[in-house]
Amino acid sequence: MVNRRGFLTLSAATLLGRRIALPRGGNMRADHMKNESLQKKLAADPQRPRYHLMPPANWMNDPNGPIFWKGQYHMFYQYNPNGAFPESMHWGHAGSPDLVHWKHLPIALAPTPGGPDKDGCWSGCAVVDRGVPTLIYTGVFPQVQCLARSEDDMMTWRKFAGNPVVAAPPEGMETTGFRDPCVWREADEWFLAIGSGIKGQGGMVLLYRSKDLVQWDYLHLLCKGRKEELLPGNDPVSTGEMWECPDFFPLADKHALIVSTQGAVVFSLGSYVNRYFRPELQGKADLGDSYYAARSMTDEKGRRILWGWIREGRSDAAQRAAGWAGVMSLPRALTLAPGGMLAMAPPSEIEALRGKHQRFENLPVLPGSFSLLKGVRGDGLEIHAEFEPGTSEAVGLMVRSTPDGKEQTSITYNRTSGQLLVEREHSSLSLDVDRGSQGGPFTLAENETLKLRVFLDASVIEAFANDRACLTSRIYPSRPDSLGLGAIIRSGKARLKALDVWELRPISPDRLTT
Ligand code: DQQ
């Protein structure tokens, strides 16, 4: 339906978010009962995180258009209301007063049959245009850029009748993709970055300009990668031939470009002159391979906050059977570290989740021994550990361990190889889950202690090392007693100066309420 202002109105069912977890066909009473039984099943699932943001059920992937608006944080995300598999992308929506506690809101975007997004509303961003919240996203197939606006404080969204607003890549360009718009304002003009690339050459970001978000003129490439080029940084990485989800923003006296390279999330820091971005330093925003499609926002405190999709590490069949897949990362506040590298740390709001606290100082840990801390258990914890690595080969934490150590996961800093690792070989007795080690380069300066901050939330691990390296991973322990915590020192001498452990409270016991 087209309304008088030229915007398409979505169907009432979609606006009300009623498609969440409702099976196709069947009567309302049966649907309702199915919801209740699904709700019980999800609440009892030991692998389902309890304090990370995720949809009430079903599939989610990329964060989309995170934005702070009228005192609330808004998060949209790629969402399939029909099950725990990646099809028919919608935009799910949640709101939060504090970055931590979320309320599910009606689905924001759904594919319109016969429209330019008939096969899916893919990733994009949110801006406020003369007081009107506006989403710019990719419709498929083919990949085109579309617009939708809200005039009721983001509860419902109307698609622009003239969609798509950018119908194709610049003429003559044979691109590997054309998607995931990122829009910002400079003086009285809008700028649009679109993720793309050229086969055999490298990823790239196309730059457009507009006065009204509707009529866009192509300018040039904001930035171009070369497949094999490695820039200095924490983990020099080849950036591939397609850059997804570009995110471009000022950070202190630099500019940052974050792209997802169909492998890793890569950030570049550099200069932005005459509307060209020149990277000077590059690295991985996360050293694991479970974190992807990151997008950032600013809030009223002026913070730059990054979110990412934490994907699953188990089979498609296991995901479908579970009835849910995909988790939103914790927020990461970005700043520039004194040496010019990117610093990343969870904002202090997370502390609101803290419950019971235990602290240990100067814990005796024998190299190579297996011992778990007595009385410290859990799969919903925040752990801070400070180590003097001394002459050890590696130091770190053992988490989610059974008393007999048959299931256990190690999060270690290997001093000799200069790596931060999540070692998952024994993380589960199940054969159906990923077990490879994940991690990448991380080194400490002379006399610097290792400050490890680890968030455990059922199957999710998010680890921060000295606020400059992040490592996200997934584990699926099979035994209910995989809850133990211990310290690791491998050969040589090291000291565990202090260990703090908090139990973290769940954020939303009633996840199906929308
Ligand atoms: N996911 C979206 C795309 C994007 C990709 C589709 C990145 O827009 O390029 O769900 O994970």
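Residues numbered from 1 in each chain as written. Predicted model: local features only at pLDDT ≥ 70, side-chain atom pairs only at ≥ 80, totals over all residues. Heavy atoms only, no water.

Chemist: Summarise the site of the ligand; cite the residues concerned and give the values.
Modeler: In the neighbourhood of the ligand, the contacting residues comprise Asn-61, Asp-62, Gln-78, Met-89, Trp-122, Ser-123, Arg-179, Asp-180, Glu-244, Tyr-292, Ala-293 and Trp-309. Within the side chain of Arg-179, one N or O atom sits 2.8 Å away from an oxygen atom of the ligand. One nitrogen or oxygen atom from the side chain of Asp-180 is found 2.5 Å from an oxygen atom belonging to the ligand. If the ligand stood free it would expose 310 Å²; the protein chains cover 91% of that surface. Looking at side-chain class alone, the shell around the ligand contains 5 nonpolar, 3 polar and 4 charged residues. (Near = heavy atom within 4 Å. Polar contact = N/O pair within 3.5 Å; in protein donor to acceptor, adjacent residues only side chain to side chain. Areas by Shrake-Rupley, 256 points an atom, 1.4 Å probe, with all protein chains shown as cover. Nonpolar A, V, L, I, M, F, W, Y, C, P; charged D, E, K, R; others polar.)

Chemist: Requested: an account of the side chain of Ser-482, with residues and values cited.
Modeler: By secondary structure assignment, the location of Ser-482 is in the loop between β32 (469-474) and β33 (484-490). The exposure class assigned to Ser-482 is buried, which follows from its relative accessible area of 0%. Among the polar contacts listed, one links the side chain of Ser-482 to the side chain of Glu-407, at a separation of 2.5 Å. In this view, Ser-482 contacts Arg-400, Ser-401, Thr-402, Glu-407 and Pro-477; residues no more than four positions away in its chain are not counted. (Helix = DSSP H or I, 4+ residues; strand = E, 2+ residues; numbered from the N terminus. Buried < 20%, exposed > 50% of the residue type's maximum accessible area, 1.4 Å probe, protein only. Contact = heavy atoms within 4.5 Å.)

Chemist: Provide a residue-level description of the nonpolar core, including the pertinent values.
Modeler: Trp-102, Ile-258, Trp-307 and Leu-334 are the most contacted members of the largest nonpolar core, which has 48 residues in total. No other element matches the 5 residues that strand β18 (residues 291-298) contributes to this core. Not counting chain neighbours up to four residues away, the residues in contact with Leu-334 comprise Phe-249, Leu-251, Ile-258, Arg-304, Leu-306, Leu-342, Ala-343 and Met-344. Core analysis: the second largest hydrophobic core is formed by 34 residues, Val-365, Leu-373, Leu-450 and Leu-499 among them. (Core = buried A, V, L, I, M, F, W, Y, C linked by side-chain atoms within 4.5 Å.)

None of this, on its own, says anything about what the molecule does.
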